[in-house]
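Descriptive analysis of the structure
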Amino acid sequence: MGFARGMDGDLGMTDLRKLRVGIVGCGKIADGHAEVVQHLEGAALVAVCDREPLLAEQLAVRYGVPGWYGDLGQMLERERLDVVHITTPPGVHLPLTQQCVAAGAHVFLEKPLALRLADCRDLIDAVVAGGRQMSINYWPNFDPPAMEFKEMLARGVVGEPVHVEAFIGYDLSGAYGQALMGDAGHWVHRLPGKLFQNMMDHIFNRIVPLFPDVEPEVHAFAFKRRDAVRGDGTDAMLDELRVVLKAGGVSAYGSLCSHARPVANTLKVYGTKNTVELDYNNRTVVTASAQKYPSAVGRLVPPFQMASRYLAQGKKNVGQFRRSEFHFFAGMSRLLELFYAGIRSGGAPPIPYAEILRVAGVMDRVIEQVYPASASEGGAA
Amino acid sequence: MKILVTGAGGFLGKLIVERLLAHGQTDIRCMLRDTSKAAGLQAIAARSPEARLEMVAVNLRNPAEIGPVLEGCGMVIHAAAALKGSPAEMFMDSVVASRNLLDAVAALHQESKTMRVVLVSSFGAMGVSALGRGAMVNENTPMETHPEWRDVYSYSKLRQEQLFWEYREKFKFELVVLRPGVIYGPGGGHFSNRVGLSLFGTFLHLGGSNLLPLTYVENCAEAIVVAALYPGADGQIYNVVDDDLVSSREYLGLYKKQVKPMRSVPVPYFALMWASRAVEGYSRRSKGQLPAIFTPYKTQAMWGGNKFSNAKLKTIGWRPVISTREGLARAFAAFRVEPEKAK
């Protein structure tokens, strides 16, 4: 069923009709968005668009989407969309957002939000000035264990964060990595921060919410661990990133690692009351055991405590699987439910804009330090 | 006549170049995406000093690179295609790349009016789901009605072939389409999905006693070259399978004997169909929590079991260069020392 706008052109709080959703940019990640949106109760994926019409066609045919376009202006004009998911390379996020907002659509963007902090600011300003809402696909932060961690934090289980370690692995021989390494002209190679810029949102969007609201110190270094044998544009890409940060009384390490196995995806928060480790891949969040009993006996107990905590996590995951809540993109589903609910109610978006900008600010600082030449020249993706 | 071969550095492409040379074609432009993978072609060139083999690096995703390498060519054999990757990438490298090539061909043909295009399509483009078990698959078998329900490879190959027919209709160049079955040989995959799949460390033998539509890579290349050079082949489709085909069970038995022993679990067709319905139903109910890797549609298409004909190909003079018995022996000898590639 189509959505009809109210007299003021906005969605009413009680309007339960489905939001009309479109996607612009029909590359790999668009599949994930289509997969999630088609199963959301309050939304209908009605159109997709790519400047390469054959790509738009294949996405539409595979997901049974009624409309496909080679021109965003046409899609916006004909489909009267409530929300547009922008899944193009980041270099065009700003103009596409401006176009969507001008057509009255809210926007949901893939990370990174734009090439530079300044563009991110302009993008959010355009959304706010147009009276629309935006969010960014920080989906791992909305996966079930991440939501559980936020609750633990709110309940005071962790206490005050003292130190944070965020680690993401990357597989250069995986499906995404091969696409990147097999094509020196791939848009990721043209980003000022190359591979890191495409991935490090997921490092800093875990750290920044745990920092006090002050400008953080950022010390980054990076290197290339693989051998440079290809003799093409891919050789310029560094593949190991380490960042040390400090804001107020909280410090953090952030790592992007392309060679360690298994390819991990974790967050460890050392708090004044407890230390908590969150494993995004294995969907577990556990507090570290403390030694409560003296001497050798005290050292015997914690492994069993940890085992029982992991067992409890496993049981919880089995329950989610049985209830069909254990999808790969469960976090994106949750994030979109919250975003769409905010659109319907006019409430706050699920990720504060200030937080998105702080992440973008840290990324700028990292790029300046690890790719100083491209940071000063600017990049085009 | 100068002949352009796309995907010339690939598993099939190298053999196409060899068979062209064997048929006396000595002016060949070999298109590759990455010339660092031209070692095989350079070895062929070294063995044929009388031939003129040019190596050109072109990314078919980039239309601007294509026009110049078509200059002076009277024929294009399009063997480049994506076999793996994300759906968008496979579509880019099979369909969008083909559209870019066709645009360049159309532009050149409008000037010279002498272009013949040869497309290496696939069995996957044919709609076998609707056929009964044991039905004959030949050039009159209609195209898939819902290739997107089957797999991305079939979908991309069908859409690619449609584009070629659309462009031929519009621009009137000569077009010959070949639809190979399962191409095998040294350097290729050890198992077609038609034989079975490894799932959680167990090899499920799904093909039972179905005939495999095998074509040894050299025989397939020979078929492509014979059809490409046959004057009356314009507008024709040729299915490519070898003689004396073996069944899935025979292939697996020979593999175990000649390559390595392995455990396999035979899954009868009725059980596979039952499981496919269950998997599809669960995937739908759980909103895609587990992907529908088996569906009744896919199962019918892949493991329904058909007969295959190469009669039309033989009418234009094709004969297998290597017998199936010899082809399997050569492939298995290579597989003994080649690790199996991940799919």
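The shown structure was predicted, so the numbers you read here are calculated from the model rather than taken from an experiment.

Attention shifts here to the domain arrangement of chain A. Split by domain assignment, chain A resolves into domain 1 (19-139) and domain 2 (141-335 + 357-376). Here the residues of the side of domain 1 of chain A that touches domain 2 of chain A sort into 11 nonpolar, 3 polar and 5 charged.

As a further point, take the nonpolar core. B:Val5, B:Ile16 and B:Ile224 are the most contacted members of the largest nonpolar core, which totals 204 residues. Ranked by residues supplied to this core, first place goes to helix H4 (residues 87-112) of chain B with 12 residues. Each of domain 1 (19-139) and domain 2 (141-335 + 357-376) of chain A accounts for three or more of the residues forming this core. With residues up to four places along the chain from it excluded, the contact list for B:Ile16 reads B:Val5, B:Ile77, B:Ala79, B:Ala221, B:Ile224 and B:Val225.

Along strand E12 (residues 275-279) of chain A, the buried face is formed by A:Val276 and A:Leu278; none of A:Thr275, A:Glu277 and A:Asp279, which line the opposite face, is buried. Between E12(A) and strand E13 (residues 284-287) of chain A, which pair antiparallel and follow one another directly, the connecting turn spans 4 residues, one of which, A:Arg283, has a positive phi of 55°.

Residues and elements named next belong to chain B. As summarised here, the arrangement of the 7 strands in space is E3-E2-E1-E4-E5-E7-E12, forming an open sheet in which the pairing is parallel. Both edges of this open sheet fall to strand E3 (52-57) and strand E12 (236-240), since each of them pairs with a single strand only. Strand after strand, the sheet turns through a mean of 20° between neighbouring axes, direction not considered. Pairing of strand E2 (residues 27-32) with E3 involves 6 bridges; the strand directions are parallel. Residue pairing in the sheet places Leu32 in a bridge with Ala57 of E3. Contacts from helix H1 (residues 13-22) reach strand E1 (2-6), E2 and strand E4 (73-78), with the element oriented near 160° to E1.

All names here are of chain B. Helix H6 (residues 217-229) packs onto H1 with a crossing angle of 55° between their chain directions and a minimal axis gap of 8 Å. Relative to H6, the element H1 is oriented oblique. Between H1 and H6 lies a crossing of right-handed hand. Residue-level contacts link Leu15, Ile16, Glu18, Arg19 and Leu20 of H1 to Val217, Glu218, Ala221, Glu222, Ile224 and Val225 of H6. Classifying every residue of the contact of H1 with H6 gives 7 nonpolar, no polar and 4 charged.

As a further point, take unusual backbone geometry. The omega angle of the peptide bond from A:Lys111 to A:Pro112 is -10°, so this bond is cis rather than trans. Inspection of the secondary structure assignment puts A:Pro112 in the loop between strand E5 (106-109) and helix H5 (117-129). In this model, A:Arg261 is joined to A:Pro262 through a cis peptide bond whose omega is -5°. With respect to the helices, strands and loops of the structure, A:Pro262 is situated in the loop between strand E10 (250-257) and strand E11 (265-271). We note that B:Phe200 has phi near 50°; this positive angle belongs to a residue other than glycine. Considering the arrangement of structural elements, one finds B:Phe200 in the loop between strand E9 (196-199) and strand E10 (202-205).

To describe two helices that pack against each other, one gives the angle between their axes and the distance between the axes. Residues and elements named next belong to chain A. Two elements in contact, helix H4 (residues 93-102) and H5, have axes separated by 9 Å at closest approach and are oriented at 5°. The orientation of H4 relative to H5 falls into the category roughly parallel. Between H4 and H5, the residues in contact are His93, Leu94, Thr97, Gln98 and Val101 and Asp119, Asp122, Leu123, Ala126 and Val127, respectively. Class assignment for the residues of the contact of H4 with H5 results in 5 nonpolar, 3 polar and 2 charged.

This paragraph deals with H1(B). Residues and elements named next belong to chain B. For H1, the buried fraction is high: 7 of the 10 residues fall into the buried class. Turning to H1, its buried residues number three or more, namely Gly13, Lys14, Leu15, Ile16, Val17, Arg19 and Leu20. Just downstream of H1, Gly24 is the residue with a positive phi angle, here 85°.

Contact residues are listed per partner, giving 17 residues for chain A and 15 residues for chain B. In terms of residue count, the dominant contributor to the side of chain A that touches chain B is helix H2 (residues 53-63) of chain A (5 residues). Its residues assigned to classes, the side of chain A that touches chain B comprises 7 nonpolar, 5 polar and 5 charged.

A word on the confidence of the model for chain A. Summarising the model, chain A shows a mean pLDDT of 92, and 94% of its residues fall at 70 or more. Of the regions scoring below 50 in pLDDT, residues 1-14 of chain A engages in 17 contacts with residues more than four places distant in sequence or in other chains.

A separate point is the sheet that holds strand E6 (residues 134-136) of chain A. Neighbouring strands of a sheet are bound in pairs by backbone hydrogen bonds; such pairs are parallel or else antiparallel. All names here are of chain A. Taken in spatial order, the 6 strands of this open sheet run E3-E2-E1-E4-E5-E6, and their pairing is parallel. Sheet topology places strand E3 (67-69) and E6 at the edges, where each strand pairs with a single neighbour. Taking each pair of neighbouring strands and ignoring which way they run, the sheet shows an average axis angle of 25°. Sheet analysis places E5 next to E6, joined by 3 bridges and oriented parallel. Each bridged residue has a counterpart across the sheet, and for Phe108 the counterpart in E6 is Ser135.

The rules we used
- Residues numbered from 1 in each chain as written.
- Chains lettered and ligands numbered in written order.
- Predicted model: local features only at pLDDT ≥ 70, side-chain atom pairs only at ≥ 80, totals over all residues.
- Domains from an automatic or database assignment.
- Nonpolar A, V, L, I, M, F, W, Y, C, P; charged D, E, K, R; others polar.
- Core = buried A, V, L, I, M, F, W, Y, C linked by C-beta atoms within 7 Å.
- Buried ≥ 20, exposed ≤ 12 C-beta atoms within 10 Å, placed from the backbone.
- Helix = DSSP H or I, 4+ residues; strand = E, 2+ residues; numbered from the N terminus.
- Contact = placed C-beta atoms within 7 Å.
- Pairing = 2+ DSSP bridges.
- Axes fitted to C-alpha atoms, helices over the stretch in contact; angles between N-to-C directions.
- Parallel < 35°, antiparallel > 145°, perpendicular 65-115°, else oblique.
- Left-handed = near helix turned anticlockwise from the far one by under 90°.
- pLDDT = per-residue confidence, 0-100.

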